[in-house]
Amino acid sequence: ALLPRQIITGKARLAGVLGWPVSHSRSPLLHNYWLARYGIDGAYVPLPVAPAQFAEAVHGLQAAGFRGANVTIPHKEAAYALATELDHTAQRAGAVNTLIFEANGAIRGLSTDGDGFVASMESAGHKPQGKALLLGAGGAARSVAAALQDRGLHVAVTNRTDARAHALAEALPGLDVVPWAMWEQQLGAYSLLVNTTSLGMEGGPDPMFRPSLHHAAPHLVVADIVYVPRITPLLAEAEQKGLKTVEGLGMLLHQARLGFREWFGQDPEVDAGLEAYVRASL
Ligand code: ATR
């Protein structure tokens, strides 16, 4: 009842999401919602691809006439390496979550996670400011860190694998590194905490991840980019402490806009209908 009928003809425009695994992704749901809502002749499909087949899959999609694809765990850095043109954020982040196959054969790589994250914070009424601490140093962390720095925040990262945090600090001057074993004690210095790892994700490495927020300042905003479950154990802990929280679903919805516009030619809206539709699937 929520959706008008989707149109898929012989001229349909095609896109999808490359990940491993990808069955948890809500990207197909949200892009197909927009396709139906705007009456666009197109389809967006899940594309489960193992790391060893990533390059082959991308070139295969391009050969098959796809407009492009989103890229999720664990392919964001491989997508960066494969792109033949990069936007400013992707270049800074060293990661790509959106690929656009151009008519001339170029593969354009964008990194929309960071701007999507900022947009979701703003739409939740928490414009990012002050000092931010990011958990993780993977592709999503890189994009979020670059976007926050671009808006004048002081950003620090902490990561289980220290070397990866230091590599990120080298790519983004001004970035601080906090040792993984120390971040809970040092939390009081920050106004924003963002989990960019897969910790706390259903089916992830540690779905019960619930660190101590004992040292949090009262004004700390806690954000998670994990959106399955909607309220991660980290967000539950923050709520229990009376801290403001931002759920991961908003970033998913906002990061998707730019790719949709490039592939399907329409700037889609993140509205209450879309949010309710995707939220109902969580
Ligand atoms: P994405 O591109 O979506 O950011 P990624 O590049 O694979 O995905 O990054 C995953 C992040 O989750 C990394 O920061 C990773 O830490 P490591 O660099 O130490 O691997 C973090 N992560 C994944 N599983 C973890 C675990 N069990 N404990 C702590 N961190 C974990």
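Residues numbered from 1 in each chain as written. Predicted model: local features only at pLDDT ≥ 70, side-chain atom pairs only at ≥ 80, totals over all residues.

## Description of the UniProt feature "binding site: shikimate" (unreviewed entry) in the chain
Under the local residue numbering, the UniProt record ascribes the feature "binding site: shikimate" (unreviewed entry) to Ser25, Arg26, Ser27, Thr72, Asn97, Asp113, Tyr227 and Gln255. Tracing the sequence through the fold places Arg26 in the loop between β1 (13-19) and α1 (27-37). Using a count of 20 C-beta atoms within 10 Å as the deciding quantity, one classes Arg26 as buried. Under the C-beta neighbour-count criterion, Ser27 is labelled buried, with 24 such atoms within 10 Å. If we ignore the near neighbours within four places in the chain, the residues touching Ser27 are Val17, Asn70 and Ala256. (UniProt positions renumbered as here; feature names shortened; annotations may be inferred. Helix = DSSP H or I, 4+ residues; strand = E, 2+ residues; numbered from the N terminus. Buried ≥ 20, exposed ≤ 12 C-beta atoms within 10 Å, placed from the backbone. Contact = placed C-beta atoms within 7 Å.)

## As for the environment of Arg37
Mapped onto the elements of the fold, Arg37 is located in helix α1. Sequence separation between Arg37 and Ser25 is twelve residues, and the spatial gap between their C-alpha atoms is 20 Å.

## Describing the sheet that holds strand β9 (residues 176-177)
Strand order in the open sheet formed by six strands is β9-β8-β7-β10-β11-β12, with parallel pairing between adjacent strands. The sheet is open, and its two borders are formed by β9 and β12 (244-246), each paired with just one other strand. Note: strand β7 (residues 131-135) against strand β8 (residues 154-158), five bridges, orientation parallel. By the bridge assignment for β8, Leu135 is matched with Thr158. This element, helix α6 (residues 139-150), spans β7, β8 and β10 (192-195) of the sheet and lies at about 160° to β8. (Pairing = 2+ DSSP bridges. Axes fitted to C-alpha atoms, helices over the stretch in contact; angles between N-to-C directions.)

## A short note on the sheet that holds strand β4 (residues 85-86)
Think of a sheet as strands paired side by side through backbone hydrogen bonds, with each pair either parallel or antiparallel. Spatially, the six strands line up as an open sheet ordered β2-β1-β3-β5-β6-β4, and their pairing is mixed. Two strands lie at the open edges of the sheet, namely β2 (42-48) and β4, each paired on one side alone. Sheet topology note: the strand β5 (residues 98-101)/strand β6 (residues 107-110) ladder contains four bridges and is antiparallel. Following the sheet pairing, Leu99 is matched in β6 by Gly109. Most of the contacts of α1 go to β2, to which it runs at about 175°, and overall it touches β1, β2 and β3 (68-71). Packing against the sheet, helix α2 (residues 54-63) makes contact with β1, β2, β3, β5 and β6, and its axis sits at approximately 40° to β5.

## Re the nonpolar core
Counting residues in each nonpolar core, the largest one holds 82 residues, and the members touching the most others are Leu134, Ala145 and Val157. The biggest single contributor to this core is helix α10 (residues 249-264), with nine residues. Those residues in contact with Val157 that lie beyond four places of it in its chain are Leu134, Ala137, Ala141, Ala145, Ala165, Leu168, Leu175 and Val177. (Core = buried A, V, L, I, M, F, W, Y, C linked by C-beta atoms within 7 Å.)

## A short note on unusual backbone geometry
The step from Ile73 to Pro74 runs through a cis peptide bond, and the omega angle for that step is 5°. In this structure, Pro74 sits in the loop between β3 and α3 (76-82). Cis geometry marks the peptide bond from Val228 to Pro229, where omega comes out at 5°. By the secondary structure assignment, Pro229 is in the loop between β11 (221-224) and α9 (233-240).

## Remarks on the site of the ligand
By nearness alone, 19 residues border the ligand, and Gly136, Gly138, Gly139, Thr161 and Thr197 come closest of all. Residues of the shell around the ligand, tallied by class, amount to seven nonpolar, eight polar and four charged. Counting contributing residues per domain, the shell around the ligand is built from domain 1 (13-111 + 252-279) and domain 2 (125-246), each supplying no fewer than three. (Near = placed C-beta within 6 Å. Nonpolar A, V, L, I, M, F, W, Y, C, P; charged D, E, K, R; others polar. Domains from an automatic or database assignment.)

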